[in-house]
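Here is how the chains run, residue by residue.
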Amino acid sequence: MKNISLILNIILLIAVSFLYFNEFTDNDDKEELSEATSITSDLPIAYINIDTLLQHYDYYGEVSKKLDDRRDKLQVEYTRRAEALQKQIGDYQRTYTNMTMAQAQAVEQDLGRKQQELLQYQETIRQEILKEEAAITQKLYDEVAQFLKTYGEENGLKFVMTYSPGSTLMYANEDLEITSAVIEGLNAEYSDKDTILLEDSTSAK
């Protein structure tokens, strides 16, 4: 699930970077870097550490585990099929000298077909995992973005950026970090959703 962290980080960073430069960059009169720094320090900006958020966001932890379990299950099935085919190939290699040419050709054609089917199955499960990862990434982005919109409006913020080791944001003052508050709020919302679903399920019975 490491790719999800990177993808979400890039999406959020591109979004806030575009808004920031679109609103505050003057193309006709660019200021010196020191002046820009003094201006941005007074702007209502905050940031979240995306790695920390993903580590402690209950929703992400739950869907990550489900996806990992799904991936493991598919891998076990693929391994079972591959081992079965390998056994058939081994059996053929041990006995083909006792076969007629027609028999050997028939077995080879069958093994070739099964090998192609195995390769197709491998590609199919790879695409399934990628599709599920993409769906999780989009859902995660929507949940976080919606929460930050509400949180930003309630706390007078204009921008909430993402920061993590390896990101393009080289430095962020710790006083501007709101990761803990965002994690707490997201987990509270997720817990409320689970409670509502549980109550609906119970009443339906």
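Worth saying up front: this structure is predicted, and the values here are computed from it rather than measured.

Enquirer: Quick question: what am I supposed to make of the overall build of the protein here?
Expert: Summing up its helical and strand segments, the protein has 6 helices and 2 strands in all. Sequence-ordered secondary structure for the protein, helices as α and strands as β, is α-α-β-α-α-α-β-α. Summarising the internal contacts of the protein: among those between residues at least 6 apart in sequence, 87% fall at separations of at least 24. For the protein, the accessible surface area stands at approximately 14200 Å², while carbon and sulfur atoms represent 54% of it.

Enquirer: Explain the packing of aromatic side chains to me, please; I cannot follow it from the model alone.
Expert: Between two aromatic rings, the relevant description is the distance of the centres plus the angle of the planes. Per the counting criterion, the structure on display carries 5 aromatic pairs. For the ring pair Tyr59 and Tyr190, a centre distance of 5.6 Å and an interplane angle of 70° mean the geometry is edge-to-face. Of this pair, Tyr59 sits in helix H4 (residues 58-95) while Tyr190 sits in helix H6 (residues 179-204), placing them 131 residues apart in sequence. Each member of the pair, Tyr59 as well as Tyr190, is classed as buried. The side chain of Arg81 reaches across the aromatic face of Tyr121, ending 3.9 Å from its centre.

Enquirer: Help me understand the pattern of salt bridges in this model?
Expert: As a working rule, side chains carrying opposite charge can pair if their charged atoms are close by. Evaluation of the coordinates by the stated rule reveals 16 salt bridges. Residue Lys65 pairs with Asp69 through a salt bridge whose shortest N-O separation is 3.0 Å. Of this pair, Lys65 and Asp69 both sit in helix H4, 4 residues apart, roughly one helical turn. The exposure class assigned to Asp69 is partly exposed, which follows from its relative accessible area of 39%. Residues Asp68 and Arg71 are paired through a salt bridge, measuring 2.8 Å at the closest nitrogen-oxygen approach.

Enquirer: What exactly am I supposed to notice about the packing of H4 against helix H5 (residues 101-154) here?
Expert: Packed helix pairs are characterised by how far apart their axes lie and by the angle those axes make with each other. Two elements in contact, H4 and H5, have axes whose closest approach is 11 Å; the angle formed by their N-to-C orientations is 175°. With respect to H5, the axis of H4 lies roughly antiparallel. The residue makeup of the contact of H4 with H5, split by class, is 19 nonpolar, 3 polar and 10 charged.

Enquirer: Explain the nonpolar core to me, please; I cannot follow it from the model alone.
Expert: Grouped together as the largest cluster of nonpolar side chains are 32 residues, with contacts concentrated most on Ile48, Leu53, Tyr57, Val144 and Val182. For this core, the elements supplying multiple residues, two or more each, are strand E1 (45-49), helix H3 (50-56), H4, H5 and H6. With 12 residues, H5 is the largest single contributor of residues to this core. In contact with Val182, not counting residues within four places along its chain, are Ile48, Leu53, Phe147 and Leu148.

Enquirer: Quick question: what am I supposed to make of the pairing of E1 here?
Expert: Within a regular beta strand, the side chains point alternately toward one face of the sheet and then the other, so they alternate between its two faces. Taking burial as the measure, the 5 residues of E1 include 5 buried ones, the bulk of the element. Both faces of E1 are covered, namely the face carrying Ile45, Tyr47 and Asn49 and the face carrying Ala46 and Ile48. Pairing between E1 and strand E2 (residues 159-163): 5 bridges, direction parallel. Looking at E2, one finds that Ile45 is bridged to Phe159.

Enquirer: Would you mind showing me how to read the side chain of Thr137 here?
Expert: With respect to the helices, strands and loops of the structure, Thr137 is situated in helix H5. Among the polar contacts made by the side chain of Thr137, one reaches the main-chain carbonyl oxygen of Glu133 at a distance of 2.9 Å.

Criteria and thresholds
Residues numbered from 1 in each chain as written. Predicted model: local features only at pLDDT ≥ 70, side-chain atom pairs only at ≥ 80, totals over all residues. Heavy atoms only, no water. Helix = DSSP H or I, 4+ residues; strand = E, 2+ residues; numbered from the N terminus. Contact = heavy atoms within 4.5 Å. Areas by Shrake-Rupley, 256 points an atom, 1.4 Å probe, with all protein chains shown as cover. Phe/Tyr/Trp six-rings, centres within 6.5 Å; stacked < 30°, edge-to-face > 60°. Buried < 20%, exposed > 50% of the residue type's maximum accessible area, 1.4 Å probe, protein only. Lys NZ or Arg CZ within 6 Å of the ring centre and 35° of its normal. Salt bridge = Lys/Arg side-chain N within 4 Å of Asp/Glu carboxyl O. Axes fitted to C-alpha atoms, helices over the stretch in contact; angles between N-to-C directions. Parallel < 35°, antiparallel > 145°, perpendicular 65-115°, else oblique. Nonpolar A, V, L, I, M, F, W, Y, C, P; charged D, E, K, R; others polar. Core = buried A, V, L, I, M, F, W, Y, C linked by side-chain atoms within 4.5 Å. Pairing = 2+ DSSP bridges. Polar contact = N/O pair within 3.5 Å; in protein donor to acceptor, adjacent residues only side chain to side chain.

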